2 protein chains.
Amino acid sequence: MLGKDYELQDCSLARSLETVGERWTLLIVRDAFYGARRFNDFQAHLDIPKAVLSDRLTGLVQDGILERRQDPEHAGRHLYELTAAGRDLWPVLYALLAWGTRHRRPGSRVFRHAECGSQLDDAGACPRCQITPSPEQIVTVPRRGRASLREDPVAIALRGPHRLLEPIDT
Amino acid sequence: MLGKDYELQDCSLARSLETVGERWTLLIVRDAFYGARRFNDFQAHLDIPKAVLSDRLTGLVQDGILERRQDPEHAGRHLYELTAAGRDLWPVLYALLAWGTRHRRPGSRVFRHAECGSQLDDAGACPRCQITPSPEQIVTVPRRGRASLREDPVAIALRGPHRLLEPIDT
DNA sequence: CACAGAGGTTCAATCAGCGAACCGCTAGCC
DNA sequence: GGCTAGCGGTTCGCTGATTGAACCTCTGTG
């Protein structure tokens, strides 16, 4: 759905959906949490038409979810990184992830509290430490025997344990 | 975004988005939590084209989010009600609602634990009782002075406090 | 029986998503 | 310096979804 406005709905849910409700948008944000930062990494991992990816990245930057910077190592390249508001979308992402796991099919990855290694519960909290870790404190690991068949840089980086928000090196 | 499949993404987030990621879908689910059950109530409150509403309701029923029943009081009419899987979407809805409130604009309503009256925190928990109430235990009340200008049955029912999932009578 | 309202379906026009092709820039190689 | 490859896009024509208006059927009411 497009950032099409739900103008008449005086509701913060409608406001949220205007910025993250379009097709592909939340998957792009997910990949940003996984550490994707470059145009081609998003594109290769998502199999999304470049024109759509370009449009969504522009929108996410305008809406303050991503920040676009120069890549210090490569002139003329850019990096897209989550802003504070973008990182604050983690509970939304996790709630959807957990719902899909319960009612659809478990995904190929699991999320653990980096500090103690416990698997997060349905609410995203660490059952052992009794806290709800921020994304920086979470590590995602593939379920045993479920490594992805994909060959793009993001999929390869996620074959082993990976801390959220840690940039994948390409 | 359509229930268009994100087939290649082996991820429960993608699975979730296939069922609730289309335009309008989460707003329909929100209205179902507010107690809307009839076609016309959804249509009047959302300003959604009837063809799209019909399509989305059919999809939500097929995906096990809503259940379609005969209206016992009116032959030939139907009621759409949330299934257990649909009610389990509450954390997703609340996470989006809370994000929109923090980063966009506060909506016109507020959510309280019915039992004690405390306003829920950003995670949807009751700060006084230290529990996370299920939707049945939550009451939504308009923010002072922010009653909706709409005149449809759902908007009217929500002018006062209203317990989630309690059917609005039309 | 006429009429109104609920709950849809159908239709033409518009708009967004898609894949392929193209383009400018930088870096590396000869 | 010239050639080529890869990155980060944009453009374009096609397809498929969304939209609002019109229409249709069924039920209950006067």
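Residues numbered from 1 in each chain as written. Chains lettered and ligands numbered in written order. Predicted model: local features only at pLDDT ≥ 70, side-chain atom pairs only at ≥ 80, totals over all residues. Heavy atoms only, no water.

A. The arrangement of helix α1 (residues 12–20) of chain B in detail. When you tally the buried positions in α1 of chain B, you get nine out of nine residues, the bulk of the element. Residues of α1 of chain B that are buried include every one of Ser12, Leu13, Ala14, Arg15, Ser16, Leu17, Glu18, Thr19 and Val20 of chain B, and no others. For α1 of chain B, the elements touching its buried residues are α2 (25–34) and α6 (90–103) of chain A together with α2 (25–34) and α4 (50–62) of chain B. (Buried < 20%, exposed > 50% of the residue type's maximum accessible area, 1.4 Å probe, protein only. Helix = DSSP H or I, 4+ residues; strand = E, 2+ residues; numbered from the N terminus. Contact = heavy atoms within 4.5 Å.)

B. Spatial organisation of the sheet that holds strand β5 (residues 162–163) of chain B. All names here are of chain B. In spatial order, the strands read β3-β4-β5; together these three strands make up an open sheet with antiparallel pairing. A single partner strand is all that each edge strand has here, and the edge strands are β3 (109–113) and β5. As paired elements, strand β4 (residues 138–142) and β5 share two bridges and run antiparallel to each other. By the bridge assignment, Val139 is partnered in β5 with Arg163. (Pairing = 2+ DSSP bridges.)

C. Examining the protein's contact with DNA strand D more closely. Around DNA strand D lies a shell of 18 residues, among which Lys50, Ser54 and Tyr80 of chain A together with Arg23 and Arg56 of chain B are the nearest. Trp24 of chain B places a polar side-chain atom, nitrogen or oxygen, 3.1 Å from a phosphate oxygen of DNA strand D. Elements represented by at least two residues in the surface near DNA strand D include exactly α3 (39–46), α4 (50–62) and β2 (78–82) of chain A together with α4 of chain B. Sort the elements by how many residues they give to the surface near DNA strand D and α4 of chain A lands first, with three residues. When the residues that make up the surface near DNA strand D are grouped by side-chain class, the tally is eight nonpolar, three polar and seven charged. (Near = heavy atom within 4 Å. Polar contact = N/O pair within 3.5 Å; in protein donor to acceptor, adjacent residues only side chain to side chain. Nonpolar A, V, L, I, M, F, W, Y, C, P; charged D, E, K, R; others polar.)

D. Examining unusual backbone geometry more closely. For Trp24 of chain A, which is not a glycine, the phi torsion comes out positive at approximately 80°. Locating Trp24 of chain A in the fold gives a position in the loop between α1 (12–20) and α2. The phi dihedral of Leu165 of chain B falls on the positive side, at around 75°, and the residue is not glycine. As for its placement among the helices and strands, Leu165 of chain B is situated in the segment after β5. The exposure class assigned to Leu165 of chain B is partly exposed, which follows from its relative accessible area of 23%.

E. Just the interface of chain B and chain A, in detail. Counting residues at the interface gives 49 residues for chain B and 49 residues for chain A. Buried surface at the junction of chain B and chain A, both sides included, amounts to about 4400 Å², of which 59% is carbon and sulfur. Considering only the surface of chain B that becomes buried against chain A, Leu13, Arg23 and Trp99 of chain B emerge as the three largest contributors, covering 15% of it. Where chain B meets chain A, there are two salt bridges. Between Arg102 of chain B and Asp88 of chain A there is a salt bridge, and its shortest N-O distance comes to 2.7 Å. (Buried area = accessible area lost by both parts, 1.4 Å probe. Salt bridge = Lys/Arg side-chain N within 4 Å of Asp/Glu carboxyl O.)

F. View of the relation of the copies chain B and chain A. Mapping chain B onto chain A calls for a screw motion: a turn of 180° about the axis and a shift of 0.0 Å along it, with 0.0 Å RMSD after fitting. The operation mapping one copy onto its partner corresponds to a two-fold rotation axis. Mapped onto chain A, 100% of the interface residues of chain B again fall at the interface, so both copies present the same surface. (Least-squares fit on C-alpha atoms with pLDDT ≥ 70 in both.)

G. The arrangement of the nonpolar core in detail. In terms of nonpolar packing, the biggest core is built from 86 residues, with Ile28 and Phe111 of chain A together with Ile28 and Phe111 of chain B touching the most fellow members. Sequence-distant contacts of Ile28 of chain B, that is, excluding residues within four places in its chain, are made with Phe42, Leu46, Ile48, Leu53, Arg56, Leu57 and Leu60 of chain B. (Core = buried A, V, L, I, M, F, W, Y, C linked by side-chain atoms within 4.5 Å.)

H. Looking closely at the domain arrangement of chain A. All names here are of chain A. Each assigned domain of chain A is listed here: domain 1 (12–86) and domain 2 (89–163). Each of domain 1 and domain 2 has a C-alpha centre, and these two points are 20 Å apart. Across the domain 1/domain 2 interface, buried area totals approximately 1300 Å², and carbon plus sulfur atoms make up 73% of it. When residues of domain 1 are sorted by the area they lose upon contact with domain 2, Phe33, Tyr34 and His45 head the list and together hold 52% of the total. Taken together, domain 1 and domain 2 are joined by one salt bridge. (Domains from an automatic or database assignment.)

I. Seen up close, the environment of Trp90 of chain B. All names here are of chain B. Position of Trp90 among the secondary structure elements: in helix α6 (residues 90–103). Considering only alpha carbons, one finds Trp90 and His113, 23 residues apart in sequence, at a separation of 14 Å. Sequence-distant contacts of Trp90, that is, excluding residues within four places in its chain, are made with Phe33, Phe111, Pro135, Ile138 and Leu164.

J. Highlighting the packing of aromatic side chains. Residue and element names in this part refer to chain A. For the structure shown, the criterion picks out eight aromatic pairs over all chains. Ring centres 6.0 Å apart and planes at 80° place the aromatic pair Tyr94 and Phe111 in the edge-to-face group. With a gap of 17 residues between them, Tyr94 in helix α6 and Phe111 in strand β3 (residues 109–113) connect regions that are remote in the sequence. Note on accessibility: Tyr94 and Phe111 belong to one class, buried. In textbook terms, an aromatic cluster arises when at least three aromatic residues are bridged by ring pairs, as seen for Phe33, Trp90, Tyr94 and Phe111. Here the basic side chain of Arg109 rests over the ring of Tyr34, its NZ or CZ set 5.7 Å away from the ring centre. (Phe/Tyr/Trp six-rings, centres within 6.5 Å; stacked < 30°, edge-to-face > 60°. Lys NZ or Arg CZ within 6 Å of the ring centre and 35° of its normal.)

K. Region of the structure containing the packing of α1 of chain A against α6 of chain B. Remark: α1 of chain A packs on α6 of chain B, axes separated minimally by 7 Å, with the N-to-C direction vectors making an angle of 90°. By the angle between their axes, α1 of chain A is roughly perpendicular relative to α6 of chain B. Contact residues: α1 of chain A offers Ser12, Leu13, Ser16, Leu17, Thr19 and Val20 of chain A, while α6 of chain B offers Leu93, Leu96, Leu97, Trp99, Gly100 and Thr101 of chain B. Residue classes in the contact of α1 of chain A with α6 of chain B are distributed as seven nonpolar, five polar and no charged. (Axes fitted to C-alpha atoms, helices over the stretch in contact; angles between N-to-C directions. Parallel < 35°, antiparallel > 145°, perpendicular 65-115°, else oblique.)

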